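# What the coordinates show
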Amino acid sequence: MAEIRLEGVTKRFGRTAAVEDLSLTIADGEFLVLLGPTGAGKTTALRLVAGLERPDAGRIAIGGRDVTAEPPAARDVTFVFQQYSLYPHLSVYDNLAFPLRSPTRRVPEAEIETTVRELARLLQIEDKLKNRATQLSGGQMQRVAIGRALVRRPSVYLMDEPLSSLDAKLRADLRLELKRIQVDLGATILYVTHDQIEAMTLATRIGVIDRGRLVQVGSPREIYEQPVDTYVAQRLGQPAINLLPADLLPANRLAAGTRTVGARTEHIRVTPADGQARGRVKWVEHLGDQSHLHIALDGHSLVALVDPDTALERDAAVDITLADPLCFDAAGRRIG
Amino acid sequence: MSTSAHSVVEPTGRTKAIAGSLVIAYALITMLPLVWIFLTALKTPPDSISYPPKIVFTPSLEGFCNLFTTRSRQTEDYIKSLPPASGTCEQIARARNMVVAGPSNYVPRFWNSVVIAFGSTFFAVALGTMAAYGFSRFRVPLADDLLFFILSTRMMPPIAVAIPIYLMYRELGLSDTKFGMILLYTAVNVSLAVWLLKGFIDEIPREYEEAAMIDGYTRLQAFRKVVLPQAATGIAATAIFCMIFAWNEYAFAVLLTSGEAQTAPPFIPIIIGEGGQDWPAVAAGTAIFLVPIVVFTVLLRKHLLRGITFGAVRK
Ligand SMILES: Nc1ncnc2c1ncn2[C@@H]1O[C@H](COP(=O)(O)OP(=O)(O)O)[C@@H](O)[C@H]1O
Ligand SMILES: [Mg+2]
C-alpha cells in the first residue's frame, strides 16, 4: 500500500491537452474517484500513473518514490481496463494466474493455485475456472478482470470504469463488493468513472475533472454541498440541479452578486396555488419511491421532488420558493 | 439466433439451387484437371496418349516407377539372360526391354523444395510478424512511405528483375544454393507477410500487452505470451500464402537452380524428355508434389476458421 502523488502532470496528444497541470495526492488506503464525462482525460490520467504514458511535464511518485521515468512493470500497480477484459486464448484460471506467472515474480505453481482458487471463491466464479475466457457472461468476465487486479498485492490499484459495461443490478452488486474488498485490504485505489452514483458510494474523496483539468477535490458530501462552480454542481445530484436566473424565484437568502441560483430538489418548496401562480406542472414522473415534478415557469423548466402520493397533477398551478439555494456569480463560480 | 430476423434475406429455394449448381460447376472445373493428373499417374504410357482418352483402364505403377528410377534400354537376349526380376519396377521395366539403372533425382529435388519452401516461409513469417508488430505498435518515422515501399517490391513482375538477380547471384556464389533460394523467396514473401500480419496485429487491442507489461512482463515477453497466440490465425493464413508461392515458384527456380538446389517445379518437366513423352511419370511427379501443400493447407485450415478472439473484447 502506498500513496500516489501527482505534481503538475500534463499530457498532450497533438494539440489536445488530455491532462493539464494535474496535481493530486491520493493518501495511503484512500479510495479516490475521478469523476468526469467522456473525453475528460480520466483514462489518460490513469495511464500516466500506470506508466503507459509518459507525461510531457510534471512528476509522479508512488509510495514516496519518483516513478516518472519508470516502466509500468517497475511501478507495482495493477490496472483494470475500461475496454477489454480477458486474454481470449487463455482459460479463466490462466487469466487469473497470469500476473503471478510473470518472469520477475517466480511464484511457485502450488502457491498460485491456492491464491487463484481463493480469489475465485471470493468472486463466485469457482465453477468457471476451466472455461475459456470467451465463454463467460459480461458480468463474469468483469469479475475475472477485477480478480486479475486483486490476485497480487500491489501498492496501488488503478481502475478505469470497470463497471460501466455491466447491467444495473450487477453494477450495484459489484459496487458493494469493491468497496468491501477495498476496506478489507486497506487498498489505495484510484478509480475513474463518469457515473455519479459510483463516485458517491465508493469514494473516500472525489476529484471532478473537466477537459483535462481537475476542478475540485473533496469528500462526496463536500462536492455535493459545496461545489466550486456550476460545472461541478451539475455532475452530482439526481435529478440534476436546476440552474436558474437569480431573480426568477423568491429565495430566503442570496449572496450579493448572485447571477445564477442552483436549486437542488431539497432547496425547492412547491405549494399548490390558485390560477394566478406562475408555475405550471408539465408532468409528473412516478418512480415508485418518489415522484419528479417537471414544472414550467416563465419559459424556464425545473424539476422538483414530491411525495409519491402527491395530489398535484398535470397543469396544476404551483408556487415555488427556494430555501438556501447555491449561489453562483456571472462566471459560474459559487459565492454562497 | 432468431430465424425471423433473417427471414427477409433468407434465400429462396430457386436462389439456393442456382447458387448450389454454380458452386458445383466451379468445383468440377477446378477439380477436373487434378483428377486427370491423378488418373494419368496411374496409366501406362500408351494408355495416357490413347485417343479417345481412356476413362476406364487397368491401373499401373509404371508412372511412379519411371518417376523414381532411371532406366537403360537393353537387348531382349540380355534381359532373358538376367536372373528373375526382384521388384515391381524392375518387372515393368523389363517388359519394355529396359532395366532399372538407379534412382532418379526426383527425391532430392523434392527434398530441396521442402527445405526451400519451409525455410523461406519460416523466415518470411518470422520477419513479417516482427516488422508488422513494429509498424502496428510504435511510431515509426515515415511509416506509411516505408509500408508502401515494402509493398511496391511486389508490384513488378518477378521476371523484370530476373536478369539482375541472376547476375548478382552468380557473382555472390548464391546460384544453385538452397540458401540463395531461401533468401530470394523470403525477400519476395516478406512484403506480403508484413502487410497481411499488420492487419491482424492492428486488430489485437494493445491493452492486452499493456496489461501484461503492468503485470511485470517485458514487451518481448508480452509479445510472445499475449500477441503471438492471438495472432496465430493471421500467422497461419500468412504462412499458407507464403508457402504456396514458394512451393509453386517456377521462373526463378528455372533460372537460378540446375542441380544441387533445383526444386521440383523445374525438375518435373525435364522428365518428359527422358525416353519419349512419359506423361504418367510427369503426372505422378505432379501428384506427389501436390500432397504437402494440400496437407499443409488442410492442417492450418482449422486454425484459419477459428476466430479465437471472437467475443472477448467488450464493446
Ligand atoms: N492515444 C491518444 N491519441 C490521441 N488523443 C488521445 C489519445 N488518448 C486520449 N486522447 C484524447 O485525450 C482526451 C482525453 O481522453 P481520455 O483520457 O480517454 O478521456 P476519458 O477516459 O475521460 O473519456 C480526448 O480528447 C481524447 O481524444
Ligand atoms: Mg476513458
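Keep in mind that what you see is a predicted model, and the values were worked out from it rather than measured.

## Some points on the overall build of chain A
Counting its regular elements, chain A contains eight helices and 18 strands. Counting only C-alpha atoms, chain A reaches 80 × 45 × 35 Å along its principal axes. The buried share of chain A, taken over its 336 residues, is 53%. A fraction of 63% describes how many contacts in chain A between residues 6 or more apart in sequence connect residues 24 or more apart. Per element, the accessible surface of chain A, about 14,800 Å² overall, is 47% carbon and sulfur. Charge centroids of chain A, computed over 42 positive and 43 negative side chains, lie 6 Å from each other.

## Things to note about the domain arrangement of chain B
All names here are of chain B. Each assigned domain of chain B is listed with its residue range as follows: domain 1 (45-104) and domain 2 (107-309). Across the boundary between the two partners, domain 1 contributes 10 residues, which contact 10 residues of domain 2. Roughly 890 Å² of surface becomes buried between domain 1 and domain 2 when both sides are summed, with 73% attributable to carbon and sulfur atoms. At the junction of domain 1 with domain 2, the criterion picks out zero salt bridges. For the pair domain 1 and domain 2, the number of links is one residue pair in polar contact (both at pLDDT 80 or more). Where the side of domain 1 that touches domain 2 is concerned, the elements lending two or more residues are α2 (45-49) and α3 (62-68). Looking at which element gives the most residues to the side of domain 1 that touches domain 2, the answer is α3, with five residues. Among the residues forming the side of domain 1 that touches domain 2, the class breakdown is five nonpolar, four polar and one charged.

## Looking at the sheet that holds strand β8 (residues 188-193) of chain A
All names here are of chain A. Pairing in this open sheet of six strands is mixed, and the strands run β6-β7-β8-β3-β9-β10 from one edge to the other. Edge positions in the open sheet fall to β6 (77-80) and β10 (213-218), since each of these has one partner strand only. Strand-to-strand twist in this sheet, taken as the mean axis angle between neighbours without regard to direction, amounts to 15°. The sheet contact formed by β6 and strand β7 (residues 156-160) spans four bridges and is parallel. Pairing of V77 across the sheet is with V156, part of β7.

## Describing the side chain of T10 of chain A
Residues and elements named next belong to chain A. Mapped onto the elements, T10 comes out in strand β1 (residues 4-13). Given the relative accessible area of 8%, T10 is considered buried. Ignoring anything within four residues of it in the chain, the contact list for T10 reads V19, E20, D21, P55, D56 and A57.

## A word on the UniProt feature "transmembrane region" (unreviewed entry) in chain B
All names here are of chain B. UniProt records the feature "transmembrane region" (unreviewed entry) for residues 21-42, 110-134, 146-167, 179-197, 226-247 and 279-300 in the present numbering. The span residues 146-167 carries 59% helix and 0% strand; its end-to-end C-alpha distance comes to 27 Å. Note that residues 226-247 is 100% helix and 0% strand, and that its end C-alpha atoms are spaced 31 Å apart.

## Some thoughts on the interface of chain A and chain B
The interface of chain A with chain B comprises 31 residues on the first partner and 22 residues on the second. Inspection of the chain A/chain B interface yields two salt bridges. Counting every contact that joins chain A to chain B gives 13 residue pairs in polar contact (both at pLDDT 80 or more). Elements that contribute at least two residues to the side of chain A that touches chain B include exactly α1 (42-50), β6 and α4 (138-150) of chain A. For the side of chain A that touches chain B, the residue count by class is 15 nonpolar, 10 polar and six charged.

## Remarks on the coordination of the magnesium ion (ligand 2)
Looking at the magnesium ion (ligand 2), the protein donor atoms are T43 of chain A (OG1) and Q82 of chain A (OE1), and they sit 1.9 to 2.5 Å from it. With T43 of chain A in helix α1 and Q82 of chain A in the loop between β6 and α2 (92-97), the pair connects residues that are 39 residues apart, well separated along the chain.

## Details of the pairing of strand β16 (residues 300-306) of chain A
Side chains on a regular strand alternate between the two faces of the sheet. All names here are of chain A. As paired strands, strand β15 (residues 291-297) and β16 are joined by seven bridges and run antiparallel to one another. Each residue of the ladder has a partner; that of H294, found in β16, is V303. The antiparallel hairpin formed by β15 and β16 contains two residues in its connecting segment, where D298 sits at a positive phi of about 50°.

## Comments concerning the sheet that holds β1 of chain A
All names here are of chain A. Strand order across the open sheet formed by four strands is β2-β1-β4-β5, with antiparallel pairing between neighbours. Edge positions in the sheet fall to β2 (16-26) and β5 (65-66), since each of these pairs with one other strand and no more. Inspection of the sheet shows strand β4 (residues 57-62) paired to β5 by two bridges, in the antiparallel sense. In the sheet register, A61 faces β5, and the bridge partner there is D66. Lying on the sheet, α1 is in contact with β1, β2 and β4; it crosses β1 at an angle near 120°.

## What to know about the state of the cysteines
Residue and element names in this part refer to chain B. Evaluation of the coordinates by the stated rule reveals one disulfide over all chains. The side chain of C65 participates in a disulfide bridge whose partner is C89; the two sulfur atoms lie 2.0 Å from each other. Judged by the sign of its S-S torsion, about -80°, the cystine formed by C65 and C89 is left-handed. One end of the pair, C65, is in helix α3; the other, C89, is in helix α5 (residues 88-95), with 24 residues separating them in the sequence. The class of C89 is partly exposed, set by a relative accessible area of 25%.

About the criteria used
- Residues numbered from 1 in each chain as written.
- Chains lettered and ligands numbered in written order.
- Predicted model: local features only at pLDDT ≥ 70, side-chain atom pairs only at ≥ 80, totals over all residues.
- Heavy atoms only, no water.
- Helix = DSSP H or I, 4+ residues; strand = E, 2+ residues; numbered from the N terminus.
- Buried < 20%, exposed > 50% of the residue type's maximum accessible area, 1.4 Å probe, protein only.
- Contact = heavy atoms within 4.5 Å.
- Areas by Shrake-Rupley, 256 points an atom, 1.4 Å probe, with all protein chains shown as cover.
- Lys, Arg positive; Asp, Glu negative; His and termini not counted.
- Charge placed at Lys NZ, Arg CZ, Asp CG, Glu CD.
- Domains from an automatic or database assignment.
- Buried area = accessible area lost by both parts, 1.4 Å probe.
- Salt bridge = Lys/Arg side-chain N within 4 Å of Asp/Glu carboxyl O.
- Polar contact = N/O pair within 3.5 Å; in protein donor to acceptor, adjacent residues only side chain to side chain.
- Nonpolar A, V, L, I, M, F, W, Y, C, P; charged D, E, K, R; others polar.
- Pairing = 2+ DSSP bridges.
- Axes fitted to C-alpha atoms, helices over the stretch in contact; angles between N-to-C directions.
- UniProt positions renumbered as here; feature names shortened; annotations may be inferred.
- Donors = N, O, S within 2.8 Å, 3.2 Å for Na, K, Ca; no water.
- Disulfide = S-S within 2.5 Å.

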